[in-house]
Amino acid sequence: MILHELIDYDILRMIWWLLLGVLLIAFAASDGFDLGVGTLLPFVAKTDTERRIAINTIGPVWEGNQVWLILGGGAIFAAWPPLYAVSFSGFYLAMFAILLALILRPVGFKYRSKRESPRWRNNWDWALFIGGFVPSLIFGVAVGNVLQGVPFRFDPADMRIFYEGSFFALLNPYALLCGLLSVAMLTLHGAAWLILKATGPVAERARSYGSLAALVVLALFALGGVFLAIGVHGYSITSEINPIGPSNPLLKTATHDGSWLANYSAHPWMLIAPILGFAGAAAAFIALRARWEVVALLFSKVSIFGIISTVGLSMFPFILPSSLDPKSSLTVWDASSSHSTLFTMLVVAVIFLPIIFAYTAWVYKVLWGKVDERTVNDKSGHAY
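Residues numbered from 1 in each chain as written. Predicted model: local features only at pLDDT ≥ 70, side-chain atom pairs only at ≥ 80, totals over all residues. Heavy atoms only, no water.

1. Concerning the overall build of the protein
So, point 1. Along its length, the protein carries 14 helices and 6 strands.
So, point 2. Relative to the globule expectation of 21 Å for 384 residues, the C-alpha radius of gyration of the protein, 22 Å, shows essentially globular dimensions.
So, point 3. Along the longest, intermediate and shortest principal axes, the C-alpha atoms of the protein span 65 × 50 × 35 Å.
So, point 4. Counting over 384 residues, the protein shows a buried share of 49%.
So, point 5. Split by element, the accessible area of the protein, about 17600 Å² in all, is 71% carbon and sulfur.
So, point 6. With 25 positive and 22 negative side-chain charges, the protein shows a separation of 12 Å between the mean positions of the two kinds. (Helix = DSSP H or I, 4+ residues; strand = E, 2+ residues; numbered from the N terminus. Rg over C-alpha atoms; globule rule 2.2 N^0.38 Å. Buried < 20%, exposed > 50% of the residue type's maximum accessible area, 1.4 Å probe, protein only. Areas by Shrake-Rupley, 256 points an atom, 1.4 Å probe, with all protein chains shown as cover. Lys, Arg positive; Asp, Glu negative; His and termini not counted. Charge placed at Lys NZ, Arg CZ, Asp CG, Glu CD.)

What follows is the structure, given as structure tokens:
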């Protein structure tokens, strides 16, 4: 027996669909609070010392948290090559904007305190805000466009990809709603992190802004669901599904007159995802008002898990639908790498993911504790 045949092709495809979700959720749950703190920075911190306190709550961990973004991009490249080709080329300008904003973050951390000038530091603080707000918004906008369908198609002759959209077409009302939901979700997460790690006025202001963000998450998540039910057509496969068939999207037929809520009727257990999205945000609100620091952060993560899972479960088995040619839509069953590639990657993931989780947990344990004025004014030079 060939080694990769130990696991059936269809099961490997499902495993990698789940692992892609795990990596995206891990990124949002870890680096998400870094983005949230950046978004909140101009509002929760009024003095230079307060801003340094906010910055140093994420200073020791933000670089490690970005590992999940890299892993997510790598997983898409290796496990779902057509998805990588379409999304990273079609959303090129959006991706460039995200990368440009993310580049501002390390530069801002490193250079902000190099000069005593208030104007110098204020400019870098706004750069850190951009580095938090812009990626949060564009990630959500991308999800909103994926739910509506992306304007691409494959040439039947040679499988060349044609993308017929534009950057500004991405900024449609439903996508912007999803973008604002993403900003609110990560702002809530950042606020929960700040009340856990910061002290004094920074933590108190974060509690107020986080409470407001939690209410916005509840409102926008509900509004997004309503629009998804009555204003956004889903996709459905109209031909026979072959879970172990070749990775060629054009071998199926699909239609754009379905509903993204159909999976919840067919599989009621999936309703746990949106329920966790709502319940996590509501519980985080209560925990913030009650000053339950660890509980607020945990329930913020629960809300992130529920909201992102809701998108994945609503679309299954689609991972990137096409609004130009529905049969060109990418699904779990026709957009993956080969059987042997998925198996080899799974072996690597089984070995290294636990190591990454263990190392990350150890880092957080070592760096645990509050950040206060004494911490940022320590002359050892470790604070930003």
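Picking up after the structure, the text goes on.
2. Here we look at empty space enclosed by the protein
So, point 1. Counted according to the given criterion, the structure contains 1 cavity of 30 Å³ or more.
So, point 2. The volume enclosed by the largest cavity comes to roughly 70 Å³.
So, point 3. What lines the largest cavity is a set of 13 residues, and nearest its centre among them are V37, G38, I58, F109 and L128.
So, point 4. Put simply, the parts of the chain that give the lining of the largest cavity at least two residues each are helix 1 (9-44), helix 2 (48-58), helix 6 (92-111) and helix 7 (118-148).
So, point 5. Among the elements that make up the lining of the largest cavity, the one with the highest residue count is helix 1 (5 residues).
So, point 6. The residue inventory of the lining of the largest cavity, partitioned by class, reads 8 nonpolar, 3 polar and 2 charged. (1 Å grid on protein atoms, 1.4 Å probe; cavity = no way out; pocket = protein on both sides within 12 Å on 5 of 7 lines; lining within 4 Å. Points joined across faces, edges and corners; volume = space filled by probe spheres on them. Nonpolar A, V, L, I, M, F, W, Y, C, P; charged D, E, K, R; others polar.)

3. Describing the packing of aromatic side chains
So, point 1. In this structure the tally under the stated criterion is 22 aromatic pairs.
So, point 2. Grouping aromatic residues by their ring pairs yields a cluster made of F43, W126, F129, F133 and Y209.
So, point 3. When the ring centre of F162 is taken as reference, the NZ or CZ atom of R153 above it lies at 4.5 Å. (Phe/Tyr/Trp six-rings, centres within 6.5 Å; stacked < 30°, edge-to-face > 60°. Lys NZ or Arg CZ within 6 Å of the ring centre and 35° of its normal.)

4. Considerations on helix 2
So, point 1. The element helix 2 is extensively covered by neighbouring structure, given that 9 of its 11 residues are classed as buried.
So, point 2. All of the buried residues along helix 2 are E50, R51, R52, I53, A54, I55, N56, T57 and I58.

5. Regarding unusual backbone geometry
So, point 1. Cis peptide bonds are those with omega within 30 degrees of zero, and the linkage from F316 to P317 qualifies with 5 degrees.
So, point 2. When you line up the elements, P317 lands in the loop between helix 12 (293-315) and strand 5 (318-320).
So, point 3. Despite not being glycine, M159 shows a phi value in the positive range, around 60 degrees.
So, point 4. Along the polypeptide, M159 turns up in the loop between strand 1 (152-154) and strand 2 (161-163).
So, point 5. On the basis of relative accessible area, M159 is assigned to the partly exposed category, the value being 28%.

6. Some words on the environment of W193
So, point 1. Summarising the element assignment, W193 is placed in helix 8 (residues 173-197).
So, point 2. Each C-alpha atom, one on W193 and one on D34, is 8.6 Å from the other, the two residues being 159 residues apart in sequence.
So, point 3. Here W193 is in contact with F33, V37, T57, I58, L297 and Y364, once residues within four sequence places are set aside. (Contact = heavy atoms within 4.5 Å.)

7. Considering helix 4 (residues 67-79)
For the α-helix, the turn length of 3.6 residues means that residues three or four positions removed from each other point alike.
So, point 1. For helix 4, built from 13 residues, the straight-helix expectation of 18 Å at 1.5 Å per residue is met to within 8% by its first-to-last C-alpha distance of 18 Å.
So, point 2. Residues of helix 4 that are buried: W68, G72, A75, I76 and A79. Mapping the buried residues of helix 4 onto a view down its axis gives an arc of 100 degrees, with all of them on the same face. In helix 4, the exposed residues that point more than 90 degrees away from the buried face are I70 and F77. (Expected span 1.5 Å × (residues − 1). Arc of directions from axis to C-beta.)

8. Section: the packing of helix 9 (residues 200-230) against helix 11 (residues 272-290)
So, point 1. It is at 9 Å that the axes of helix 9 and helix 11 come closest, and there the two elements cross at 160 degrees. With respect to helix 11, the axis of helix 9 lies roughly antiparallel. In the crossing of helix 9 with helix 11, the sense of the turn from one axis to the other is left-handed. Residues R207, S208, G210, S211, A214, L215, V217, L218, F221 and A222 of helix 9 lie in contact with helix 11, whose contacting residues are P274, G277, F278, A281, A282, F285, L288 and R289.
So, point 2. Looking at the contact of helix 9 with helix 11 residue by residue, the class counts come to 12 nonpolar, 4 polar and 2 charged. (Axes fitted to C-alpha atoms, helices over the stretch in contact; angles between N-to-C directions. Parallel < 35°, antiparallel > 145°, perpendicular 65-115°, else oblique. Left-handed = near helix turned anticlockwise from the far one by under 90°.)

9. Notes on the pattern of salt bridges
So, point 1. Tallied over the entire structure, the rule returns 14 salt bridges.
So, point 2. Across the pair R112 and D125 runs a salt bridge whose closest N-O atoms are separated by 2.5 Å. One end of the pair, R112, is in the loop between helix 6 and helix 7; the other, D125, is in helix 7, with 13 residues separating them in the sequence.
So, point 3. Given the relative accessible area of 2%, R112 is considered buried.
So, point 4. The partner of E293 in a salt bridge is K370, with the nearest N and O atoms 3.0 Å apart. (Salt bridge = Lys/Arg side-chain N within 4 Å of Asp/Glu carboxyl O.)

10. Quick look at the side chain of D31
So, point 1. For D31, the position within the fold is in helix 1.
So, point 2. On the basis of relative accessibility, which here comes to 0%, the residue D31 falls in the buried class.
So, point 3. A polar atom in the side chain of D31 sits 3.2 Å from the side chain of R105.
So, point 4. Those residues within four positions of D31 in sequence are excluded, and the remaining contacts are A26, W62, N65, Q66 and R105. (Polar contact = N/O pair within 3.5 Å; in protein donor to acceptor, adjacent residues only side chain to side chain.)

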